[in-house]
Amino acid sequence: MTEICKETFNKAIYNSQSSALAKSSRRLFFTHCNLPIEELGHWHADYFFSRGGSSTLIRFKNRFFLLTAKHVLKNNKILGEDGSTNFQNESPLLAVAKADRGWEELTSFLFPAKIWHIGELIDNQNFLMNTKDIVLVELHLPSYDYLPDAFINLDNPETKRNIIVSDFFNNQILISSGYPTKTNEFIHENIGDFTHKTYLNRKIIPGICVVEDNEPYISLERTEGGNYEHDDIKGMSGGIVFNVQPETEQINWCGLILTAGKNKIRFCPSRLILPAIERYDQASKTIVDPSVHLAPLCDTEQATESLGELLEEMYKCT
């Protein structure tokens, strides 16, 4: 094991916390409409809400996806325990495209098309965690004016080959990124001309890896942030876990947060998730936006290729 000075260590922590991987986490917003979708005939939302929940933005095959925990969708009442749906409109969940910005207009959001239940494709290798609690939300092609600027790029062969962490060990520094409910609440009072407001407060928390019965988790007991109660980190599920490396381009994707409680963050390792993402279209799916059946396949493919070319130009170093 190589020893490094405190200054070098702190710099590595800072670089990791400000990296594209750290910013690939996105807050999930949910929409509610007072009238049935059949009566409106067009997309409409009376208000946004969230009972908590994060996601991780991924690029794969020139498309964008949000990786998250299925229980986040259930807690926000758009999926039922029995697999039923309760979509209030064609876009019952949303996320912002730009990592460090809010929304200036409707096109600055990422809109869902389908939910792929990739957890059913994951071999949990006898881990205690519920890997079935993982879904991949396929998104419509984003607006060219609001192309995402921080995500896990699985379309770059070099990145894809090197991004997965090979193994975990005790006392390894791991960092989690997500949106706790406590600092991202909706406010409905004393807001002037607006009906409600909220914040986009990403929380990036370093911790110590503990391997217990060959299963890793993040312990926050020895961190500088102090004691994290359940309410301090509730809502991080669906966020990203990554490690610390000397150089930013060496940072590995370690996993997806599934539970966050009393000083512990449990996650599914990325090495288990990646094979399921690569064959996501073999999983069962839920159609979110019925318009996916209306777009001609050839036009969709051409648009996807064009988007891929544009992204390659914009993100050559991503």
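Quick look at the structure, then. Not measured: the values here are computed from a predicted model.

### Digging into the pattern of salt bridges
Link 1 in the chain: Scanning the entire structure with this criterion turns up eight salt bridges.
Link 2 in the chain: One salt bridge connects Arg59 with Asp155, and the closest N-O pair in it is separated by 3.0 Å. In this pair, Arg59 is assigned in strand β4 (residues 54-60) and Asp155 in the loop between β10 (152-153) and α5 (157-163), connecting sequence segments 96 residues apart.
Link 3 in the chain: The partner of Arg63 in a salt bridge is Glu138, with the nearest N and O atoms 3.8 Å apart.

### Regarding the nonpolar core
Link 1 in the chain: Counting 61 residues, the largest nonpolar core has Leu67, Ile118, Ile134, Trp253, Ile273 and Ile277 as the members making the most contacts within it.
Link 2 in the chain: Beyond its immediate chain neighbours, meaning those up to four positions away, Ile118 contacts Leu67, Ile134, Val135, Leu136, Ile273, Ala276, Ile277, Tyr280 and Ala283.
Link 3 in the chain: Counting 16 residues, the second-largest nonpolar core is a separate cluster that includes Val165, Ile218, Ile233 and Cys254.

### As for the sheet that holds strand β6 (residues 93-96)
Link 1 in the chain: Taken in spatial order, the four strands line up as β3-β2-β6-β7 in an open sheet, and their pairing is antiparallel. One side of each edge strand has no neighbouring strand; the edge strands of this open sheet are β3 (47-49) and β7 (109-110).
Link 2 in the chain: Inspection of the sheet shows strand β2 (residues 29-32) paired to β3 by three bridges, in the antiparallel sense. Within the sheet, the bridge partner assigned to His32 lies in β3 and is Tyr47.

### Considerations on the environment of Val135
Link 1 in the chain: By secondary structure assignment, the location of Val135 is in strand β9 (residues 134-139).
Link 2 in the chain: Distance in space between the C-alpha atoms of Val135 and Gly238 is 9.4 Å, their sequence separation being 103 residues.
Link 3 in the chain: The contacts of Val135, once residues within four sequence positions are left out, are Leu66, Leu67, Thr68, Ala69, Lys70, Leu73, Ile115, Trp116, His117 and Ile118.

### Comments concerning the sheet that holds strand β12 (residues 203-212)
Link 1 in the chain: Strand order around the closed barrel formed by six strands is β11-β12-β13-β16-β15-β14, with antiparallel pairing between neighbours. Averaged over all neighbouring strand pairs, the angle between strand axes comes to 40°, with direction disregarded.
Link 2 in the chain: As paired elements, strand β11 (residues 173-178) and strand β14 (residues 240-243) share four bridges and run antiparallel to each other. Along β14, the bridge assignment pairs Leu174 with Asn243.
Link 3 in the chain: Sitting on the sheet, helix α1 (residues 6-17) touches β11, β12 and β14, and the angle it makes with β11 is about 30°.
Link 4 in the chain: Lying on the sheet, helix α7 (residues 270-278) is in contact with β15 (253-261) and β16 (264-269); it crosses β16 at an angle near 45°.

### Comments concerning the packing of aromatic side chains
Link 1 in the chain: Applying the stated criterion to the full structure yields ten aromatic pairs.
Link 2 in the chain: Taking 5.2 Å as the distance between ring centres and 75° as the angle between the ring planes, the aromatic pair formed by Phe64 and Phe151 counts as edge-to-face. One end of the pair, Phe64, is in strand β5 (residues 63-69); the other, Phe151, is in the loop between β9 and β10, and 87 residues separate them in sequence. Like Phe151, Phe64 is buried.
Link 3 in the chain: Taken together, Phe29, Phe48, Phe109 and Phe186 form an aromatic cluster joined through their ring pairs.
Link 4 in the chain: Over the ring of Tyr217 we find Arg266; its NZ or CZ atom is 4.6 Å from the centre of that ring.

Thresholds, definitions, all that
Residues numbered from 1 in each chain as written. Predicted model: local features only at pLDDT ≥ 70, side-chain atom pairs only at ≥ 80, totals over all residues. Heavy atoms only, no water. Salt bridge = Lys/Arg side-chain N within 4 Å of Asp/Glu carboxyl O. Helix = DSSP H or I, 4+ residues; strand = E, 2+ residues; numbered from the N terminus. Core = buried A, V, L, I, M, F, W, Y, C linked by side-chain atoms within 4.5 Å. Buried < 20%, exposed > 50% of the residue type's maximum accessible area, 1.4 Å probe, protein only. Contact = heavy atoms within 4.5 Å. Pairing = 2+ DSSP bridges. Axes fitted to C-alpha atoms, helices over the stretch in contact; angles between N-to-C directions. Phe/Tyr/Trp six-rings, centres within 6.5 Å; stacked < 30°, edge-to-face > 60°. Lys NZ or Arg CZ within 6 Å of the ring centre and 35° of its normal.

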